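Summary of structural features
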Amino acid sequence: QVQLQESGGGLVQAGGSLRLSCAVAGNIFRTYAVGWFREATGKEREFVAGVAWTGVSTSSDSVKGRFTISRDDDQNMVHLQMNRLKADDTAVYYCAAAPDSVVLRRAPAYWGQGTQVTVSS
């Protein structure tokens, strides 16, 4: 059983930073791949970044160099540090988990409720 809860969303100005956190409940977390997706109004949900239990991470081209994903297994937490935010980053951000990184990208098994990130001028 895996349960996810996002936090840290909010309103920031363009060029600013924000850190999202995902609390993971479940004794199988350590072997799961965990990542972030986002869904902007009028757009399809898209993959943002993911990290495997080994610590290897990947991110989408749209956020490379700006967003960094990390996981802290001791605290059962996954974070997404977002820097140099821009208007296109405005979306609801969802934490997701799956048995491995391939499944995470294709069809995550578990989802959080989402947290709103709004970037304004």
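Residues numbered from 1 in each chain as written. Predicted model: local features only at pLDDT ≥ 70, side-chain atom pairs only at ≥ 80, totals over all residues. Heavy atoms only, no water.

1. Topic: the state of the cysteines
- Evaluation of the coordinates by the stated rule reveals one disulfide.
- The disulfide partner of Cys-22 is Cys-95, and the S-S distance across this bridge is 2.1 Å. Residues Cys-22 and Cys-95 share a disulfide whose torsion about the S-S bond is about -85 degrees; that sign makes it left-handed. Of this pair, Cys-22 sits in strand β3 (residues 18-25) while Cys-95 sits in strand β9 (residues 91-98); the two residues are 73 residues apart in sequence, bridging distant segments of the chain. (Disulfide = S-S within 2.5 Å. Helix = DSSP H or I, 4+ residues; strand = E, 2+ residues; numbered from the N terminus.)

2. Some words on the sheet that holds strand β7 (residues 67-72)
- Read from one edge to the other, the open sheet built from four strands follows the order β1-β3-β8-β7, with strand pairing classed as antiparallel. At either end of the open sheet lies a strand with only one pairing partner, and these are β1 (3-7) and β7. For this sheet, the mean inter-axis angle between neighbouring strands, taken without regard to orientation, is 15 degrees.
- Relative to β3, β1 runs antiparallel, the two being bridged by five bridges. Bridge assignment links Gln-5 to a residue of β3, and that residue is Ala-23. (Pairing = 2+ DSSP bridges. Axes fitted to C-alpha atoms, helices over the stretch in contact; angles between N-to-C directions.)

3. Here's the deal with the nonpolar core
- Counting 27 residues, the largest nonpolar core has Leu-20, Trp-36, Val-48, Phe-67, Leu-80, Met-82 and Tyr-93 as its most contacted members.
- For this core, the secondary-structure elements that each account for two or more residues are β3, β4 (33-39), β5 (46-51), β7, β8 (77-82), β9 and β11 (115-120).
- Grouped together as the second largest cluster of nonpolar side chains are seven residues, Ala-33, Phe-37, Ala-96 and Leu-104 included. (Core = buried A, V, L, I, M, F, W, Y, C linked by side-chain atoms within 4.5 Å. Buried < 20%, exposed > 50% of the residue type's maximum accessible area, 1.4 Å probe, protein only.)

4. So, the packing of aromatic side chains
- Throughout the structure, instances matching the rule amount to four aromatic pairs.
- For the ring pair Tyr-32 and Tyr-110, a centre distance of 6.1 Å and an interplane angle of 40 degrees mean the geometry is tilted. You can see Tyr-32 sitting in the loop between β3 and β4 and its partner Tyr-110 sitting in strand β10 (residues 110-111), a full 78 residues away along the chain.
- The class for Tyr-110 is partly exposed, based on a relative accessible area of 24%. (Phe/Tyr/Trp six-rings, centres within 6.5 Å; stacked < 30°, edge-to-face > 60°.)

5. Section: the pattern of salt bridges
- Applying the stated rule across the entire model yields four salt bridges.
- For the salt bridge of Arg-38 with Asp-89, the shortest nitrogen-to-oxygen distance reads 2.9 Å. One end of the pair, Arg-38, is in strand β4; the other, Asp-89, is in the loop between β8 and β9, and 51 residues separate them in sequence. This pair shows no difference in class: Arg-38 is buried, exactly as Asp-89 is.
- Each of the salt bridges in this network shares a partner with another, and the network as a whole consists of Arg-38, Glu-46, Arg-66 and Asp-89. (Salt bridge = Lys/Arg side-chain N within 4 Å of Asp/Glu carboxyl O.)

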